[in-house]
Amino acid sequence: MSLNIKDYNGKKYIINSFKGRKGLIVKVKLLKLLNPMLAELKGVKDDVTDNAVLFKALQNLLESSATDDVISLLEELMTCVQGENGVVDFDTEFQKNYVTLYKLAVDVIKENYGDVFQALGMNVG
C-alpha cells in the first residue's frame, strides 16, 4: 500500500487510513451529516478530477449542519493526517488556513471511503 501524500501551500501531509472500528464510527457520523446531499452525490457518474462535487458537498455540510457537529467531524477526520513534523495540531495548523483543512477533509474522505462511493456508482479519484 502506497503512502497518500498531499502537498498544500508548500506543506506535505500524509493521509493514513482509519482502523476498522474508528472508520465505521466516522463513516456513520459523516453519513448522518451528508445524508441530505447523498442524492446529489449519487447522481455523479463521471470522474471528478477537481474534487468539485465533494468540495460542494462539504460546503453544503458546513452551511446546513450544527456547528459543533461539523467541527467535531472535521477534527476527527484530521486525526488520520500527519504533517511534516508528525501529528497535526488542529488549532495551529489550520489557523488562517481553512481551505487546506477543507481540501484535506475531502482527501481523507476519499482515502477512507472510496469504496463506498464506488458502491454508490461514483468514481471520485
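Above this text you will find the structure in question.
I will try to describe carefully the structure that is included in this document. None of these values were measured; they are calculated from a predicted model.

Observations concerning unusual backbone geometry
Phi at N9 is positive, roughly 55°, even though this residue is not glycine. Structurally, N9 can be placed in the loop between strand 1 (4–8) and strand 2 (11–15). Relative accessible area serves as the criterion here: at 67%, N9 is assigned to the exposed category. Of note, the phi angle at K96 is positive, near 55°, even though the residue is not glycine. Within the fold, K96 resides in the loop between helix 5 (90–93) and helix 6 (98–119).

Section: the environment of D91
Here D91 shows up in helix 5. Between the alpha carbons of D91 and E75 there is a distance of 9.6 Å; along the sequence they are 16 residues apart.

Here we look at the nonpolar core
If you look at the biggest cluster of nonpolar residues, it comprises 25 residues, and the most contacted ones within it are F18, L73, L77, M78, V81, L104 and V108. Contributing elements (two or more residues each) for this core: strand 2, helix 1 (20–34), helix 3 (52–64), helix 4 (67–77) and helix 6. If you tally residues by element for this core, the top one is helix 6, at 6 residues. Residues within four places of V108 in sequence aside, it is in contact with I15, F18, L77, M78, C80 and V81.

Rules behind the numbers
- Here the residue numbers are simple positions, counted from 1 along each chain's written sequence.
- For a predicted model such as this one, the threshold for reporting local features is a pLDDT of at least 70, and the threshold for listing and counting side-chain atom pairs is 80 or more; totals across whole chains, interfaces and linings nevertheless cover every residue.
- Excluded from the side-chain calculations are hydrogens and water; all other atoms, namely the structure's heavy atoms, are used.
- Where helices and strands are cited, they refer to DSSP runs of H or I of at least four residues and of E of at least two residues respectively, numbered from the N terminus.
- Only protein chains enter the area calculation, which uses a 1.4 Å probe; residues under 20% of their type maximum are buried, those over 50% are exposed, and those in between are partly exposed.
- The term nonpolar core refers to a set of buried residues drawn from Ala, Val, Leu, Ile, Met, Phe, Trp, Tyr and Cys, joined through side-chain atoms within 4.5 Å.
- Every residue pair with non-hydrogen atoms within 4.5 Å of one another is taken to be in contact.

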